[in-house]
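# Residue-level structure breakdown
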Amino acid sequence: MHGADPSSYPSPSPDPDAGLFGPDSVTWQLHADPIMWIAGIRALYLQALHPRAVRGVAQNSDFRRDAWGRLLRTASFVGRITYGTAPDAEAAGARIRGIHRRLSAVDPATGERFGVDDPELLLWVHCAEIDSYLHVARRSGFPLTDAQADAYVGEQREAARLVGLDPAGVPGDTARLARYFAEVRPELAATPEAFDVVRFLTAPPVPAVLRPLRALVWPAVAGTAFGALPPYAHALYGRDAPPRAAADRPLRVAGRLLRAVPAAVRWRLPPGHIPKAVARLGPDTRPSVRRLPSGEPEVP
């Protein structure tokens, strides 16, 4: 992975705040990888398969009109809680919790109104996101050992806490994450709202001048993300899952292409949290696979 020029950053703060994760965490390294954009799209496809979760989104926002804004806000939230100071992360979490508390949706099958901040829904969204980040990264060539993958899942309980979950009830390693998906699978279904998400992600709106670029690039991006879904998700969407090797091939190609862009360029694109963190903590804290912690993680 390319690093940025240390001379491009100012001197670190005299008493820096490393935030909730810090530069020695798996999260610090993984969330800087550009394959996270494809992982985020995979997460949207997967999250849409929970009927209540997708209805909570569909009934409270017009994602078709503000798709890119929503995607950038999500990326900014992840960047802020990963690379911001601890107070910044806590403030971001408080804002999200405040928004969720005010929102509700109706189950059309039962007429029941439910809160968007229902812990079961928050847990699904969290687990689908973390599973997507981890699977897409590893399958695209990001070198995580099993112990590092477990450490990442454990670290992300902090992110779960910020959105309102009790970390004790959130999977803390990959085995527990897999058990969660096995338990929740009977609740999943491809609702009309889920297919709305699929149709939207197939050709999201862009300004007219960018439509040729969308036609050239986006089908490969969306297809790569969809192909990385687990087999049960393909089945729910009524499609045959591709062989694992066929799904992994475009992920590896995307990983090589995206990582070929110098980090100094990538990190200065919106939302731009990484350069601020490196400026605060010093150039030796730049995210890198070489900084991945070794050894067995402590997973309670």
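As a starting point, this report considers the structure included with it. (Residues numbered from 1 in each chain as written. Predicted model: local features only at pLDDT ≥ 70, side-chain atom pairs only at ≥ 80, totals over all residues. Heavy atoms only, no water.)

This part covers the packing of aromatic side chains. The tally for this structure, following the rule as stated, stands at six aromatic pairs. Between Y45 and F226, the aromatic rings sit 5.0 Å apart at their centres with planes inclined by 85 degrees, giving edge-to-face as the arrangement. Of this pair, Y45 sits in helix α2 (residues 36-47) while F226 sits in helix α11 (residues 211-227), and the two are 181 residues apart along the sequence. Judged by its relative accessible area of 7%, F226 falls in the buried class. Geometrically, the ring pair formed by F195 and Y237 is edge-to-face, given 5.7 Å between the ring centres and 75 degrees between the ring planes. Of this pair, F195 sits in helix α10 (residues 192-202) while Y237 sits in the loop between α12 (231-236) and α13 (244-259); the two residues are 42 residues apart in sequence, bridging distant segments of the chain. In this structure Y237 comes out as buried when scored by relative accessible area, which is 5%. Counting every residue linked through ring pairs, the aromatic cluster contains Y45, F195, F226 and Y237. (Phe/Tyr/Trp six-rings, centres within 6.5 Å; stacked < 30°, edge-to-face > 60°. Helix = DSSP H or I, 4+ residues; strand = E, 2+ residues; numbered from the N terminus. Buried < 20%, exposed > 50% of the residue type's maximum accessible area, 1.4 Å probe, protein only.)

Counting through the fold element by element, R176 comes out in helix α9 (residues 174-184). Overall, R176 belongs to the partly exposed group, its relative accessible area being 31%.

This next bit is on the environment of Q148. Relative to the helices and strands, Q148 resides in helix α7 (residues 146-155). Separated by 89 residues in sequence, Q148 and Q59 place their C-alpha atoms 38 Å apart. Contact partners of Q148, with chain neighbours within four places excluded, come to V26, P143, L292, P293 and S294. (Contact = heavy atoms within 4.5 Å.)

Glancing now at the packing of α2 against helix α6 (residues 119-139). Across the interface, α2 lies against α6 with an axial gap of 8 Å and an inter-helix angle of 140 degrees. Regarding the angle of α2 to α6, the classification is oblique. Where α2 crosses over α6, the two elements pack in a sense that is right-handed. Here M36, I38, A39, G40, R42, A43, L46 and Q47 of α2 come into contact with α6, specifically with W124, V125, A128, E129, D131, S132, Y133, H135, V136 and A137. Looking at the contact of α2 with α6 residue by residue, the class counts come to 11 nonpolar, four polar and three charged. (Axes fitted to C-alpha atoms, helices over the stretch in contact; angles between N-to-C directions. Parallel < 35°, antiparallel > 145°, perpendicular 65-115°, else oblique. Left-handed = near helix turned anticlockwise from the far one by under 90°. Nonpolar A, V, L, I, M, F, W, Y, C, P; charged D, E, K, R; others polar.)

Now for the pattern of salt bridges. For the structure on display, the rule yields 14 salt bridges. The shortest N-O distance in the salt bridge between D24 and R291 comes to 2.6 Å. In this pair, D24 sits in the segment before α1 (26-30) while R291 sits in the segment after α15 (273-281), placing the two residues 267 residues apart along the sequence. A relative accessible area of 56% places D24 in the exposed class. Judged by relative accessible area, which is 22%, R291 ranks as partly exposed. Across the pair D173 and R176 runs a salt bridge whose closest N-O atoms are separated by 3.2 Å. In this structure, a network of salt bridges that share partners links the residues R52, R55, D107, E112 and E193. (Salt bridge = Lys/Arg side-chain N within 4 Å of Asp/Glu carboxyl O.)

Those residues of α10 lying buried are E193, A194, V197, V198, F200 and L201. Viewed end-on, α10 has its buried residues packed into an arc of 165 degrees, placing them on one side of the element. Looking at α10, the residues exposed on the side facing more than 90 degrees away from the buried face are P192 and R199. (Arc of directions from axis to C-beta.)

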